Amino acid sequence: MLGPGTTWYIALAGVLFAIGTTGVILRRSPLIVLLSLEIMLNASNLALVGFSRHFASIDGQIFALSVMAVAAAEVCVGLGLIVAFTRREMPLDVDTVTELRG
């Protein structure tokens, strides 16, 4: 097997997931929270592809593609909510927005 081993893929995925988790916990901007969630999903995709390569199976790569589709849908909904909040001049702070009102 050429290239780095599975350990390096999993270690990098763990670091990326920790960075994403830190961004979700510490930041208050919904856009930054969405970006941090994307980093976390990409870390899980990297782990899936790393294990898929380790076990010489294509199942992890197929599952990673389905996770990418879910992530794209999540970004569309999240950005739509951010645009709706901005148009209604509602505060874009994760702590202050507790419920959606019409």
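Residues numbered from 1 in each chain as written. Predicted model: local features only at pLDDT ≥ 70, side-chain atom pairs only at ≥ 80, totals over all residues. Heavy atoms only, no water.

The subject of this paragraph is the packing of helix α1 (residues 6-26) against helix α2 (residues 30-54). At a minimum axis separation of 8 Å, α1 and α2 run at an interaxial angle of 165°. Between α1 and α2, the crossing angle belongs to the class labelled roughly antiparallel. Pair α1 / α2 crosses with left-handed handedness. Touching Thr 6, Tyr 9, Ile 10, Leu 12, Ala 13, Leu 16, Phe 17, Gly 20, Thr 21, Gly 23 and Val 24 of α1 are Val 33, Ser 36, Leu 37, Ile 39, Met 40, Ala 43, Leu 46, Ala 47, Gly 50, Phe 51, Arg 53 and His 54, all from α2. Split into classes, the residues belonging to the contact of α1 with α2 amount to 15 nonpolar, seven polar and one charged. (Axes fitted to C-alpha atoms, helices over the stretch in contact; angles between N-to-C directions. Helix = DSSP H or I, 4+ residues; strand = E, 2+ residues; numbered from the N terminus. Parallel < 35°, antiparallel > 145°, perpendicular 65-115°, else oblique. Left-handed = near helix turned anticlockwise from the far one by under 90°. Contact = heavy atoms within 4.5 Å. Nonpolar A, V, L, I, M, F, W, Y, C, P; charged D, E, K, R; others polar.)

Let us look at unusual backbone geometry. Even without a glycine there, the phi angle at Ala 56 is positive, about 55°. With respect to the element layout, Ala 56 can be found in the loop between α2 and α3 (59-87).

Another point: a nonpolar patch on the surface. Among the surface-exposed residues, Leu 31, Ile 32, Leu 35 and Leu 79 lie close enough to one another that they form a single nonpolar patch of about 320 Å² accessible area. Broken down by element, the residue count for the nonpolar patch peaks at three residues, all from α2. Turning to its location among the elements, Leu 79 is positioned in helix α3. Of the residues examined, Leu 79 reaches a relative accessible area of 37% and is grouped as partly exposed. (Patch = residues over 30% accessible without salt bridge, like charges linked within 9 Å, V, L, I, M, F, W, Y side chains within 5 Å. Areas by Shrake-Rupley, 256 points an atom, 1.4 Å probe, with all protein chains shown as cover. Salt bridge = Lys/Arg side-chain N within 4 Å of Asp/Glu carboxyl O. Buried < 20%, exposed > 50% of the residue type's maximum accessible area, 1.4 Å probe, protein only.)

Structurally, Ala 71 can be placed in helix α3. Between the C-alpha atom of Ala 71 and that of Asn 42, which follows or precedes it by 29 residues, the distance is 9.0 Å. Excluding residues within four positions of it along the chain, Ala 71 makes contact with Glu 38 and Leu 41.

Right, let's talk about α2 for a bit. The terminal C-alpha atoms of α2, which comprises 25 residues, lie 36 Å apart, in line with the 36 Å expected from a rise of 1.5 Å per residue. Buried residues of α2: Pro 30, Val 33, Leu 34, Ser 36, Glu 38, Met 40, Ala 43, Asn 45, Ala 47, Gly 50 and Ser 52, and no others. Contacts from the buried residues of α2 go to α1 and α3. (Expected span 1.5 Å × (residues − 1).)

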